Amino acid sequence: VQLQASGGGLVQAGDSLNLSCEVTGRPFSLYAMAWFRQAPAKERKFLAAITWKRGATYFGSSLEGRFTISRDSAKNTVNLQMINLKPSDTAVYYCAAVDNSRGRATMSDAEYDYWGQGTLVTVSS
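Okay, so let's go over this structure.

1. Considering the state of the cysteines
And step 1. Overall, the coordinates contain one disulfide when judged by the stated rule.
And step 2. Each sulfur of the disulfide joining Cys21 and Cys95 lies 2.1 Å from the other. Because the sign of the S-S torsion sets the handedness, a value of about 60 degrees for the bond joining Cys21 and Cys95 places this disulfide among the right-handed ones. One end of the pair, Cys21, is in strand β3 (residues 17-24); the other, Cys95, is in strand β9 (residues 91-99), with 74 residues separating them in the sequence. Here the two residues Cys21 and Cys95 agree in accessibility, since each one is buried.

Spelled out as structure tokens, the structure:
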């Protein structure tokens, strides 16, 4: 399984941005996918997850309802829609996937089996 994240860039505070993660290889072997982010000098933080088959979603705290996760099974992509972006959202955003063998989606990055390369989001004030 390979993950390819895209969609990052430089935006202004209040803007919206949509990140996409394409899954290649064996997407049918995945239980769930998630988005994390890592700001400079900070730990990687869970944002949201979605199960591959049922589309059940889970969100981390402090997102204030600004982030939405969705999947397109036909295109093998998972998207993270972000609205009303703030400078504090500046980070490298990573998509990750957990194998069916684990059977659950968690907020712990240690329990994800596959990672994309990250895409940088910079929000200017």
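Back to the write-up after that little detour.
2. Some remarks on the packing of aromatic side chains
Aromatic rings considered in pairs are described by the distance between their centres and by the relative angle of their planes.
And step 1. Summed over all chains, the structure comprises five aromatic pairs.
And step 2. Consider the rings of Phe36 and Tyr112, whose centres lie 5.2 Å apart with planes at 80 degrees: the pair is edge-to-face. Here the residue Phe36 occupies a position in strand β4 (residues 30-38), and Tyr112 occupies one in the loop between β9 and β10 (114-115), the gap between them amounting to 76 residues.
And step 3. Under the relative-accessibility criterion, Phe36 is labelled buried at 1%.
And step 4. The exposure class of Tyr112 is buried, given its relative accessible area of 5%.
And step 5. An angle of 80 degrees between the planes, with centres 6.4 Å apart, marks the rings of Tyr94 and Trp115 as edge-to-face. Pair noted here: Tyr94 is in strand β9 and Trp115 is in strand β10, with a separation of 21 residues, a long-range link.
And step 6. Overall, the relative accessible area of 17% leaves Tyr94 in the buried class.
And step 7. The class for Trp115 is partly exposed, based on a relative accessible area of 26%.
And step 8. Feature note: the residues Phe36, Phe46, Tyr94, Tyr112 and Trp115 constitute an aromatic cluster, connected by ring pairs.
And step 9. Here the guanidinium or amino end of Arg44 rests over the ring plane of Tyr94, the centre of that ring lying 5.4 Å away.
And step 10. Above the ring of Trp115, the side-chain terminus of Arg44 is found at 3.9 Å from the ring centroid.

Each value, and the rule that gives it
- Starting from 1, residues in each chain are numbered consecutively following that chain's sequence as written.
- For this predicted model, a pLDDT threshold of at least 70 governs which residues receive local features, and a threshold of 80 or more governs which side-chain atom pairs are given and counted, while totals over whole chains, interfaces and linings are taken from all residues.
- By convention in this description, side-chain values take in all heavy atoms of the structure and omit both hydrogens and water.
- We call a pair of cysteine sulfur atoms a disulfide whenever their separation is within 2.5 Å.
- Counting from the N terminus, the helices are DSSP H or I runs at least four residues long and the strands are E runs at least two residues long.
- Each residue's exposure class comes from its accessible area (1.4 Å probe, protein chains only) as a fraction of the maximum for that residue type: buried when under 20%, exposed when over 50%, partly exposed otherwise.
- Side-chain rings of Phe, Tyr and Trp, where Trp is taken by its six-membered ring, are said to pair if the distance between their centres is within 6.5 Å; with planes under 30 degrees apart they count as stacked, over 60 as edge-to-face, and otherwise as tilted.
- The rule for a charge over a ring is simple: NZ of Lys or CZ of Arg within 6 Å of the ring centre, and within 35 degrees of the ring normal.

In short, geometric facts, not functional conclusions.
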